[in-house]
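Report on the structure
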Amino acid sequence: MSDDQMSTGPGGRSRRALLTGAGAVGASVVLAACGDDAGSTGDGGPTAGGGATSGGPAVSPSADAGADRGASALARTADIPVGGGRIYAEKGVVITQPTAGEFKGFDPICTHQRCPVANVDAGTINCTCHNSKFSIADGSVKAGPAPRPLPEKQIKVEGDQIMLA
């Protein structure tokens, strides 16, 4: 019996079987992260990642917890830079402010291969997986390979609070 066929423990599994199983698990994780975009609608749920532009710091899930905000508020208007935006991945939204006082919401999942967008910079929402760029004003594709705009998310502003509509 060769080394890779020897029993490795009480279950009697061979090293080859264990390595094959581990490889299959790893491959499924990679395929899930970079799956094909056929039938993709860009309506994926919250994902990791975050970023900002125009001098705003990167957003992390713990930084966005907002203990001083209402339970339904996503952000304060002062959190969103004019001409930029912030990603609230755990809330499933990118909020932008294309012009002063105008706030927009978009899905944070790229329409190319469903990677989470990574940052907002220079007037675009950027996916660093394959360099797609989307307009902060309407979610339209500014640079491909993304085939469709980012879906809009309905938001509302009440006072200085921004929340999903």
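Remember, it's a predicted structure, so these values are computed and weren't measured experimentally.

With that out of the way, let us pick up the state of the cysteines. Defined simply, a disulfide is a covalent bond joining two cysteines at their sulfur atoms. A full pass over the atoms with the stated rule returns one disulfide. C115 shares a disulfide with C129; S-S distance 2.3 Å. On the sign convention where negative is left-handed, the bridge of C115 and C129, at about -105° about the S-S bond, is left-handed. Residue C115 is found in the loop between β4 (104-106) and β5 (119-121), and its partner C129 is found in the loop between β6 (124-127) and β7 (132-135); the two are separated by 14 residues along the sequence. With relative accessibility at 4%, the residue C115 sits in the buried group. Cysteine C110 shares no disulfide, and the gap to the nearest cysteine sulfur, in C127, comes to 3.9 Å.

Let us look at the pairing of strand β2 (residues 84-88). Two faces belong to every sheet, and in a regular strand the side chains alternate between them. Burial analysis of β2 places five of its five residues in the buried class, which makes it a mostly covered element. Along β2, one buried face is formed by G84, R86 and Y88 and the opposite face, lined by G85 and I87, is buried too. What sits between the antiparallel neighbours β2 and strand β3 (residues 93-97) is a turn of four residues, in which G92 has the positive phi angle 75°.

Another point: the pattern of salt bridges. Note on pairing: side chains with opposite charge can pair once their charged atoms come close. Tallied over the full model, the rule gives three salt bridges. In this structure, D79 and R76 form a salt bridge, with 3.8 Å as the shortest nitrogen-oxygen distance. Owing to a relative accessible area of 14%, D79 belongs among the buried residues under this scheme. Here K156 ties to E158 by a salt bridge, and the two come within 3.5 Å at their closest N and O atoms. Residue class for K156 comes out partly exposed when judged on its relative accessible area of 35%.

Conventions and cut-offs
- Residues numbered from 1 in each chain as written.
- Predicted model: local features only at pLDDT ≥ 70, side-chain atom pairs only at ≥ 80, totals over all residues.
- Heavy atoms only, no water.
- Disulfide = S-S within 2.5 Å.
- Helix = DSSP H or I, 4+ residues; strand = E, 2+ residues; numbered from the N terminus.
- Buried < 20%, exposed > 50% of the residue type's maximum accessible area, 1.4 Å probe, protein only.
- Pairing = 2+ DSSP bridges.
- Salt bridge = Lys/Arg side-chain N within 4 Å of Asp/Glu carboxyl O.

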